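One letter stands for each residue in the lines below.
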Amino acid sequence: MEFMRILLSMLVLIFHGSTGVLSEGGLLVLDYYKETCPLVEEIVRRNVEIAVLRDPRMAASLLRLHFHDCFVLGCDGSILLDSFGDMISEKLAGPNLNSVRGFEVIDNIKYLVEEACPYTVSCADILAIAARDSVALRGGPVWGVWLGRKDSLKSSFDGANQFIPIPNSSLETLINNFKQQGLDVRDLVTLSGGHTMGKARCVSFRQRIYEKSIEETFDHYKRYNTYRRILQSICPESGRDNTLAALDFRTPTRFDNLYFQNIIEGKGLLHSDNVLVNEDLEGEIREQVWAYASDQQLFFDSFVNSILKMGNINVLTGSEGEIRKHCRFVNP
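1. Quick notes on unusual backbone geometry
Right, on to step 1. We note that D31 has phi near 55°; this positive angle belongs to a residue other than glycine.
Right, on to step 2. Residue position: D31 is located in the loop between strand 2 (27-28) and helix 2 (40-54).
Right, on to step 3. Owing to a relative accessible area of 52%, D31 belongs among the exposed residues under this scheme.

Here's what the structure looks like:
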């Protein structure tokens with residue numbers, strides 16, 4: 001385990017030590033707005049902090065916005081676009097509808113950033129900064145955000161339905177989802193740790209609590225019964241679809257490693273959480289889960305590496321895309 005920690009730490013240092021992150025269109029760099037909008041990160045951080053103080057769940061929501069944005073077309077702010085003309089918003093896709101939130105927080109940040117630095121900072125970069133600040137404010141790691149993304153000129157309703165993982169996904173499906181984005185199994189396990197904070201709707205975990213797995217069926221020690229009964233009291237077999245339950249029942253508003261302890265015990269809220277252990281036939285993923293469960297710093301170091309990697313998926317830079325004035329609409 002110590003060797004794994006040292007190796008991951010070296011990878012993070014190498015990643016941070018480079019001068020930029022290559023994308024197809026150009027280069028993302030640290031301090032991209034140092035000359036053109038020096039206060040942008042302060043503006044984002046202050047307003048994320050206000051939003052999270054008002055609603056602690058908002059930290060998880062802003063992190064999830066960045067994730068759902070990157071998995072469709074790349075990290076280009078496409079998830080923020082409203083429907084217009086023939087273009088259907090990604091907000092209306094199955095994985096996002098009545099689920100993804102935080103758009104008003106981003107709108108407010110963008111308004112303030114535009115007042116300070118008109119047509120300078122992209123909505124996609126604001127999402128990436130807000131995700132970092134959301135994690136840090138709830139006790140998680142802090143990292144330098146690579147910046148310089150441009151905003152897309154379109155959204156992809158079909159792409160959102162196709163590429164965003166859903167709560168009832170099998171392990172094989174999750175691995176394929178992440179592979180399509182250039183992310184490996186280690187990234188899958190690490191980024192799943194984002195479920196250490198936030199809540200999910202009853203409709204997202206109903207199947208998980210009313211359909212027993214083989215392991216639960218032969219659970220002679222009744223390890224799963226109490227947690228299942230609690231969830232069933234929150235989420236009946238029909239109705240109350242929008243009732244919420246914590247993704248991490250132990251520390252629902254903290255970014256820590258207890259999510260991994262939960263899934264080892266079969267107490268992940270979503271089916272897609274528990275399959276990391278239940279459907280891992282070779283044991284490699286289970287080994288990684290145990291490592292994170294016993295070493296929070298290892299998880300934090302790995303999370304930084306994986307979210308930076310995710311934040312570079314198919315980014316638009318240079319002459320590609322645009323800097324939107326309003327995140328919900330392309331420029332006239």
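2. Notes on the packing of aromatic side chains
Right, on to step 1. The final tally for this structure, using the stated rule, is 15 aromatic pairs.
Right, on to step 2. Look at Y292 and F299: their rings are 5.6 Å apart centre to centre, the planes differ by 50°, and that puts the pair in the tilted class.
Right, on to step 3. Overall, Y292 belongs to the buried group, its relative accessible area being 0%.
Right, on to step 4. When its relative accessible area of 0% is taken as the criterion, F299 is described as buried.
Right, on to step 5. Of note, K91 hangs over the ring of F103, and the distance from its end group to the ring centre comes to 4.4 Å.

3. Some words on the environment of E279
Right, on to step 1. Among the secondary structure elements, E279 is positioned in the loop between helix 13 (271-278) and helix 14 (284-294).
Right, on to step 2. Through-space distance from the C-alpha of E279 to that of S170 is 7.9 Å; in sequence the pair is 109 residues apart.
Right, on to step 3. When residues no more than four places from it in sequence are discounted, the contact partners of E279 are S170, L171 and H271.

4. Details of the layout of surface pockets
Right, on to step 1. The calculated volume of the largest pocket comes to roughly 820 Å³.
Right, on to step 2. Along the walls of the largest pocket sit 39 residues, with R64, H68, P165, H195 and L270 positioned nearest its centre.
Right, on to step 3. Sort the elements by how many residues they give to the lining of the largest pocket and helix 3 (residues 58-70) lands first, with 6 residues.
Right, on to step 4. In terms of residue class, the lining of the largest pocket is made up of 23 nonpolar, 10 polar and 6 charged.

5. Description of the state of the cysteines
Right, on to step 1. For the coordinates displayed, the defined rule picks out 4 disulfides.
Right, on to step 2. Here C37 pairs with C117 through a disulfide, and the sulfurs are 2.0 Å apart. Sign of the S-S torsion, about 75° for the bond between C37 and C117, identifies this disulfide as right-handed. Residue C37 is found in the loop between strand 2 and helix 2, and its partner C117 is found in the loop between helix 4 (103-116) and helix 5 (123-137); the two are separated by 80 residues along the sequence.
Right, on to step 3. With a relative accessible area of 6%, C117 lands in the buried category.
Right, on to step 4. The disulfide partner of C70 is C75, and the gap between their sulfur atoms is 2.0 Å. A torsion of 120° about the S-S bond marks the disulfide between C70 and C75 as right-handed.
Right, on to step 5. With relative accessibility at 0%, the residue C70 sits in the buried group.
Right, on to step 6. When the cysteines engaged in disulfides are numbered in sequence order, the protein pairs them as 1-4, 2-3, 5-8, 6-7.

6. Here's the deal with empty space enclosed by the protein
Take a probe with the size of a water molecule and roll it over the atoms, and the empty space left behind shows itself.
Right, on to step 1. All chains considered together, the criterion is met by 1 cavity of 30 Å³ or more.
Right, on to step 2. Considered as a void within the structure, the largest cavity measures approximately 90 Å³ in volume.
Right, on to step 3. Forming the boundary of the largest cavity are 13 residues, of which V145, R149, I307, L308 and G311 lie nearest the centre.
Right, on to step 4. Taken together, the residues of the lining of the largest cavity sort by class into 9 nonpolar, 3 polar and 1 charged.

7. Some points on the packing of helix 8 (residues 185-192) against helix 15 (residues 296-310)
Right, on to step 1. Relative to each other, helix 8 and helix 15 sit at 110°, their axes nearing to 9 Å. The angle between the axes of helix 8 and helix 15 places the two elements in the roughly perpendicular class. Helix-helix and strand crossings are classified by hand; for helix 8 and helix 15 the assignment is left-handed. Of the residues in helix 15, those in contact with D187, T190 and L191 of helix 8 are F299, S302, F303, S306, I307, K309 and M310.
Right, on to step 2. Among the residues making up the contact of helix 8 with helix 15, the classes are represented as 5 nonpolar, 3 polar and 2 charged.

8. Comments concerning the environment of G239
Right, on to step 1. When you line up the elements, G239 lands in the loop between helix 11 (225-234) and strand 4 (244-246).
Right, on to step 2. The class for G239 is partly exposed, based on a relative accessible area of 36%.
Right, on to step 3. Distance in space between the C-alpha atoms of G239 and C202 is 8.9 Å, their sequence separation being 37 residues.

9. A short note on helix 8
Owing to its 3.6 residues per turn, the α-helix aligns residues three or four sequence positions apart on the same side.
Right, on to step 1. Of all 8 residues that make up helix 8, 6 are buried, and the element is covered over most of its length.
Right, on to step 2. Of the surrounding elements, those touching the buried residues of helix 8 are helix 7 (171-180), helix 12 (258-264), helix 13, helix 14 and helix 15.
Right, on to step 3. The backbone nitrogen of R186 lies 3.1 Å from a side-chain oxygen of the residue at the head of helix 8, namely D184.

10. Overview of the nonpolar core
Right, on to step 1. Ranked by internal contacts, the top residues of the largest apolar core, which has 76 residues, are I106, F260, F303 and M310.
Right, on to step 2. M310 has contacts with H66, F67, C70, F71, C75, L183 and L191, leaving out every residue within four places of it along the chain.
Right, on to step 3. By size, the runner-up hydrophobic cluster in this structure holds 11 residues, among which are A200, L231, A245 and L247.

Here is what the cut-offs are and how they apply
- Residues numbered from 1 in each chain as written.
- Predicted model: local features only at pLDDT ≥ 70, side-chain atom pairs only at ≥ 80, totals over all residues.
- Heavy atoms only, no water.
- Helix = DSSP H or I, 4+ residues; strand = E, 2+ residues; numbered from the N terminus.
- Buried < 20%, exposed > 50% of the residue type's maximum accessible area, 1.4 Å probe, protein only.
- Phe/Tyr/Trp six-rings, centres within 6.5 Å; stacked < 30°, edge-to-face > 60°.
- Lys NZ or Arg CZ within 6 Å of the ring centre and 35° of its normal.
- Contact = heavy atoms within 4.5 Å.
- 1 Å grid on protein atoms, 1.4 Å probe; cavity = no way out; pocket = protein on both sides within 12 Å on 5 of 7 lines; lining within 4 Å.
- Points joined across faces, edges and corners; volume = space filled by probe spheres on them.
- Nonpolar A, V, L, I, M, F, W, Y, C, P; charged D, E, K, R; others polar.
- Disulfide = S-S within 2.5 Å.
- Axes fitted to C-alpha atoms, helices over the stretch in contact; angles between N-to-C directions.
- Parallel < 35°, antiparallel > 145°, perpendicular 65-115°, else oblique.
- Left-handed = near helix turned anticlockwise from the far one by under 90°.
- Polar contact = N/O pair within 3.5 Å; in protein donor to acceptor, adjacent residues only side chain to side chain.
- Core = buried A, V, L, I, M, F, W, Y, C linked by side-chain atoms within 4.5 Å.

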